[in-house]
Amino acid sequence: MAAGVQDFNRTEFDRLNEIKGHLEIALLEKHFLQEELRKLREETNSEMLRQELDRERQRRIELEQKVQEVLKARTEEQAMQQPPKGPPPVSNGADRRSQGLCSRVQKWFYEKFGEYVEDFRFQPEESTVETEEPLSARRLTENMRRLKRGAKPVTSFVKNLSALSDWYSVYTSAIAFTVYMNAVWHGWAIPMFLFLAILRLSLNYLIARGWRIQWSIVPEVSEAVEPPKEDLTVSEKFQLVLDVAQKAQNLFGKMADILEKIKNLFMWVQPEITQKLYVALWAAFLTSCFFPYRLVGLALGLYAGIKFFLIDFIFKRCPRLRAKYDTPYIIWKSLPTDPQLKERSSTAVSRRLQTTSSRSYVSSTPTGLSKDEDTGRFHGTKKGNFHEIFNLTENERPLAVCENGWRCCLINRDRKMPTDYIRNGVLYVTENYLCFESSKSGSSKRNKVIKLVDITDIQKYKVLSVLPGSGMGIAVSTPSTQKPLVFGAMVHRDEAFETISGQYMKITAAAASGSDS
């Protein structure tokens, strides 16, 4: 148990370190890109002109719409006021009176109902663009507190339902069970729920008027509210971002698991589970067709009450019994998520590949060739063979510790452009070289190869002094660079530093003994 807890803590610590490294890279890239953007804005004023042009264009469109509406209204008024064209009227007083009456009726109808007629006129939908707020630590904490306060009624309702099912208060659960079963038996279930909703709204009205009413099965625990800080340091802001990222990661992960399980249930990912749902739906359909709704509602209501108050209570107290006989619980737990399906498929494929590769290796390995030589010959990076990527000899290959490399970013402070200043990639250590492979596609010029003999100094480095911790970088000094090369944002920085230092001491000791002899 202790070993499992330690492994869990270690994996969580590695995830936090990885997030910390990515944020460190993002902060560095943001800093240098802001510098370049500031210089470009000083040189040209095109952004301001573009915004002014957009405002003028929007203003012109609005004026055209207003002019069209005014012209349309005037034409309608003139059409209503002008008499209809036709042959010269006969001097008849009755016709004149009828025309005047019709115009008065039209005018009265337009005055009374014209506004409602205008409401039904089709107009093009206006597209509104929501403005995004900049990232702010104060706004972030305020939104977190708002979310917590908004979700409090829902969480308290769920806690009260769980307390009823768990018989937290025996008398309350017994009364609720008796009232519910009696209401279902007499067909009063829906009126009972409506009455409870009206009662809850009435209590909320009294609470809003200042009454102190507490209607909860589970006693509420008042949490200490920390006063909001006006100014946060950079370290506190960074820690706040990490906490929010961790909570958001866990919340999104749980929501994704629920949605993926529901999707896989309906998409026949596991046919034996979806088949049970299929049979249950057919049974419910046939029951609703041949039995009266009153009988079906009575059966469902009685089953829901017995399941909620009695069966769930027994299953929660007896986990082994639940794992054997609680069908909905067993189905939900056995439903896979998409990552689990990918892991299963990759495991099956890897097993097949291992089986086929072991067979082909036994049949195709020539005599007199050792296993190390054969594996070293086919070792490669993501883009090709290792020695071809870095233009090295075939016997140069990564050490066993860094066979997959360490993800990091190379910070070359001798360069001035941000695109050349920071490069993301993977760091390898061979017997004689320190090799950095850039993750961006392109020529091999973006890669970096350093001879271990040429290194003059190597030490741990903290890229940003304002960040908490001891840093996640390694600084390497060479005669060809004015400032040390920094390999930053390394999750396993200490392991990489020990490997590079050990190999560097080994190479320098061998070179010194060779020169003495």
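Anything mentioned here points back to the structure above.
Note that residues are indexed from 1 along each chain, following the sequence as it is written. Only residues with pLDDT of at least 70 get local features here, since the model is predicted, and only at 80 or more are side-chain atom pairs given and counted; chain-wide, interface and lining totals rely on the full set of residues. Computation of side-chain values: all heavy atoms of the structure, hydrogens and water removed.

A.B. asks: Which residues make up the overall build of the protein, and what are the values?
C.D. replies: Put simply, DSSP marks the helices as runs of H or I at least four residues long and the strands as runs of E at least two long, and each gets a number from the N terminus on. The helix and strand inventory of the protein stands at 16 helices and seven strands. The buried share of the protein, reckoned over its 517 residues, is 21%. Throughout, exposure labels follow a simple rule: accessible area from a 1.4 Å probe, protein chains only, divided by the maximum for the residue type, with under 20% read as buried, over 50% as exposed, and the rest as partly exposed.

A.B. asks: Lay out a nonpolar patch on the surface with the relevant residues and their values.
C.D. replies: Any residue with relative accessible area above 30% and no salt bridge may belong to a patch, with like charges joined within 9 Å and the nonpolar Val, Leu, Ile, Met, Phe, Trp and Tyr side chains within 5 Å. For every accessible area listed, the method is Shrake-Rupley and the probe measures 1.4 Å; residues are considered covered only by the protein chains on display. The salt bridge definition used is simple: a Lys or Arg side-chain nitrogen within 4 Å of an Asp or Glu carboxyl oxygen. Taken together, W268, Y278, W282, F285, L286, F290, F291 and L295 make up a surface patch of nonpolar side chains, about 900 Å² in accessible area. For the nonpolar patch, the leading source of residues is helix α8 (residues 271-290), giving five residues.

A.B. asks: So, the side chain of T481: which residues are in play, and what are the values?
C.D. replies: Mapped onto the secondary structure, T481 falls in the loop between β6 (473-477) and β7 (485-488). Its relative accessible area of 13% is what places T481 among the buried residues. In protein, a polar contact means a hydrogen-donor-capable atom and an acceptor-capable atom, both N or O and within 3.5 Å, with residues adjacent in sequence counting only if both atoms are side-chain atoms; elsewhere, any N or O pair within 3.5 Å suffices. Here the side chain of T481 touches T478 through a polar contact of 3.0 Å, side chain to side chain. Separated by 3.4 Å, the side chain of T481 and the backbone oxygen of K483 make a polar contact.

A.B. asks: Lay out the packing of helix α5 (residues 170-185) against helix α6 (residues 189-208) with the relevant residues and their values.
C.D. replies: Direction vectors running N to C along α5 and α6 enclose 135 degrees, while the axes themselves pass 7 Å from each other. Classified by the interaxial angle, the pair formed by α5 and α6 is oblique. Facing α5, whose interface residues are V179, Y180, A183 and V184, α6 presents A189, M192 and F193. Under the scheme applied here, ten amino acids are nonpolar (Ala, Val, Leu, Ile, Met, Phe, Trp, Tyr, Cys and Pro), four are charged (Asp, Glu, Lys and Arg), and all others, including Gly, are polar. Classifying every residue of the contact of α5 with α6 gives seven nonpolar, no polar and no charged. Axis angles are defined between N-to-C directions and span 0 to 180 degrees, where every axis is a line fitted to C-alpha atoms and, for a helix, only to the segment in contact. What sets the label is the angle itself: under 35 degrees gives roughly parallel, over 145 gives roughly antiparallel, 65 to 115 gives roughly perpendicular, and the rest give oblique. By the convention used here, residues are in contact when the closest approach between their heavy atoms is within 4.5 Å.

A.B. asks: Residue-level account of the packing of aromatic side chains, with values.
C.D. replies: Working definition: rings of Phe, Tyr and Trp (its six-membered ring) pair if their centres are within 6.5 Å, and the pair is stacked with planes under 30 degrees apart, edge-to-face with planes over 60 apart, and tilted otherwise. If you walk through the whole model with that rule in mind, you get twelve aromatic pairs. With centroids separated by 6.0 Å and ring planes inclined at 50 degrees, the aromatic side chains of F436 and F487 adopt a geometry described as tilted. Here F436, found in strand β3 (residues 433-438), pairs with F487, found in strand β7; they are 51 residues apart in sequence, far enough to count as distant. Judged by its relative accessible area of 1%, F436 falls in the buried class. Here the aromatic residues F177, Y180, F193, F308 and F309 are joined through ring pairs into a cluster of three or more.

A.B. asks: Describe the sheet that holds strand β2 (residues 422-429), listing the residues and the values that go with them.
C.D. replies: Each pair of strands is called paired provided DSSP finds at least two bridges between the two strands. Reading across from one edge, β4-β3-β2-β1-β7-β6-β5 is the order of the seven strands in this open sheet, with antiparallel pairing throughout. This sheet does not close on itself; its edge strands, each paired only once, are β4 (448-451) and β5 (457-461). Pairs of neighbouring strands in the sheet enclose a mean axial angle of 30 degrees, with direction left out of account.

A.B. asks: Any details on the pattern of salt bridges? Residues and values, ideally.
C.D. replies: For side chains bearing opposite charge, pairing can occur when the charged atoms are close. Applying the stated criterion across every chain, the model contains ten salt bridges. Among the ionic pairs, E52 bridges to R55, the shortest N-O distance being 2.4 Å. Placement of the pair is E52 and R55 together in helix α2 (residues 46-81), with a separation of three residues, close to one helical turn. Residue classification places E52 among the partly exposed positions, given a relative accessible area of 36%. A salt bridge links R57 to D54; the shortest N-O distance between them is 3.1 Å.

A.B. asks: Can you lay out the nonpolar core for me, pointing to particular residues and giving the numbers?
C.D. replies: Among the buried residues, those of types Ala, Val, Leu, Ile, Met, Phe, Trp, Tyr and Cys that are joined through side-chain atoms within 4.5 Å form a nonpolar core. Membership of the largest hydrophobic core comes to 23 residues, with the highest contact counts inside it found for L427, L434, I474, F487 and M490. Elements with a contribution of two residues or more to this core: β1 (406-411), β2, β3, β6, β7 and α16 (493-516). A total of five residues in this core trace back to one element, the largest contributor, which is α16. Once residues lying within four places of it in the same chain are set aside, the contact partners of I474 are I458, Q459, Y461, L485, V486, F487, M490, R493, A496, F497 and I500. Ranked by size, the runner-up nonpolar core spans nine residues in total, among them I25, I411, Y421 and I422.

A.B. asks: Residue-level account of the environment of Q249, with values.
C.D. replies: Checked against the element boundaries, Q249 lands in helix α7 (residues 234-266). On the basis of relative accessibility, which here comes to 37%, the residue Q249 falls in the partly exposed class. Contacts of Q249, omitting those with residues within four sequence positions, involve R15 and I19.

A.B. asks: Residue-level account of the pairing of β2, with values.
C.D. replies: Within β2, seven of the eight residues are buried, which leaves the element mostly enclosed by the surrounding structure. Here β1 runs beside β2; their pairing, made up of six bridges, is antiparallel. If you follow C408 over to β2, its bridge partner there is G425. Pairing of β2 with β3 involves five bridges; the strand directions are antiparallel. Across the sheet, the residue bridging to V426 is E437, located in β3. Between β2 and β3, which pair antiparallel and follow one another directly, the connecting turn spans three residues.

A.B. asks: Could you give an account of unusual backbone geometry, with specific residues and numbers?
C.D. replies: Of note in the backbone geometry, W167 takes a positive phi value of approximately 55 degrees without being a glycine. Mapping W167 onto the fold places it in the loop between α4 (137-165) and α5. Relative accessible area serves as the criterion here: at 21%, W167 is assigned to the partly exposed category. Positive phi values are uncommon outside glycine, yet W268 reaches one of about 55 degrees. Looking at where W268 falls in the secondary structure, it is placed in the loop between α7 and α8. A relative accessible area of 43% places W268 in the partly exposed class.

A.B. asks: I'd like a description of the state of the cysteines, backed by residues and values.
C.D. replies: Note on terminology: disulfide denotes any pair of cysteine sulfur atoms within 2.5 Å. Applying the stated criterion across every chain, the model contains zero disulfides. Of all cysteine sulfurs in the structure, the one in C402 sits closest to C435, which takes part in no disulfide; the separation is 9.2 Å. Looking at C435, the relative accessible area reads 0%, which means it is buried.

A.B. asks: Report on the environment of A163, specifying residues and quantitative values.
C.D. replies: Secondary-structure assignment places A163 in helix α4. Here A163 falls in the buried class, since its relative accessible area comes to 6%. Sequence-wise, A163 and S216 are 53 residues apart; in three dimensions their C-alpha atoms are separated by 9.8 Å.

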